[in-house]
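# Observations on the three-dimensional arrangement
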Amino acid sequence: MKLPSELVQPLNEQLNRELYAQYLYLTMASYFLEQDYRGFGAFFLKQSREEGAHAMRLFHYLMERSIPFHPLPIEIPPKNYDSPLACFKAAHEYEQKVTLSYYNLLKRARDIGEYDLEEFLYWYIREQREEEALMHTWMEKLNKVKDDIAAILFLDKEAGEAAEKEE
Ligand code: OFO
């Protein structure tokens, strides 16, 4: 079944959001690693790899359904943050933005009666829920310790161990 033409660009834009997430988290990893926060760095490297996999999943969906791929420019992510907390806050905000874009895409697919696309998108909706929750948890932890550097270093270690375990 051919995908209605009005969904081609929104799907390509969604793929671009995933590629941006990959780039954003790679940049966040560099923000931490360059300050020797190895745990948070490993955490964002892992998130970056996951976002790349999300983009690939969309790419394969396009190919499977003979939907043309449109290369789009990838925005340059911000490099510096005021604190580890500010960085996690920015990641959480981006995840919320992506969730909303999936909701909009799902609604369009449903309104048009594109049930295959609708079914495909549920995986991403679940994934977004997990990612929002993950970023929120780290944000809350960092919020509690404020500027206590020993506590931040402890969380950094914890983030590194968690990233390693989930590999
Ligand atoms: Fe791709 O999962 Fe979040 O953005």
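Bear in mind that the values here come from a model prediction, so they are computed numbers and not experimental data. (Residues numbered from 1 in each chain as written. Predicted model: local features only at pLDDT ≥ 70, side-chain atom pairs only at ≥ 80, totals over all residues. Heavy atoms only, no water.)

A few words now on the overall build of the chain. A tally of regular secondary structure across the chain gives five helices and zero strands. Counting from the amino terminus, the chain carries its helices and strands in the arrangement α-α-α-α-α. Taking the principal axes of the C-alpha coordinates as reference, the chain spans close to 55 × 25 × 25 Å. Put simply, 80% of the contacts in the chain that link residues at least 6 apart link residues at least 24 apart. For the chain, the computed accessible surface area is about 9400 Å², with 56% contributed by carbon and sulfur atoms. In the chain, 20 positive and 30 negative side-chain charges are present, and the distance between their average locations comes to 2 Å. (Helix = DSSP H or I, 4+ residues; strand = E, 2+ residues; numbered from the N terminus. Contact = heavy atoms within 4.5 Å. Areas by Shrake-Rupley, 256 points an atom, 1.4 Å probe, with all protein chains shown as cover. Lys, Arg positive; Asp, Glu negative; His and termini not counted. Charge placed at Lys NZ, Arg CZ, Asp CG, Glu CD.)

A few words now on the nonpolar core. By size, the foremost hydrophobic cluster in this structure holds 47 residues, and its most contacted members are L11, M28, F32, F40, F44, F88 and L117. Broken down by secondary-structure element, the contributors of at least two residues to this core are helix 1 (8–33), helix 2 (38–64), helix 3 (84–112), helix 4 (115–145) and helix 5 (149–166). Ranked by the residues each element gives to this core, the list is headed by helix 1, at 11 residues. Not counting chain neighbours up to four residues away, the residues in contact with F40 comprise F32, P84, F88, W138, L142, I152, L155, D156 and A159. (Core = buried A, V, L, I, M, F, W, Y, C linked by side-chain atoms within 4.5 Å. Buried < 20%, exposed > 50% of the residue type's maximum accessible area, 1.4 Å probe, protein only.)

With that out of the way, let us pick up a nonpolar patch on the surface. Taken together, the side chains of Y23, L26 and I74 make up a nonpolar region of the molecular surface, amounting to roughly 260 Å² of accessible area. Position of L26 relative to the elements: it lies in helix 1. (Patch = residues over 30% accessible without salt bridge, like charges linked within 9 Å, V, L, I, M, F, W, Y side chains within 5 Å. Salt bridge = Lys/Arg side-chain N within 4 Å of Asp/Glu carboxyl O.)

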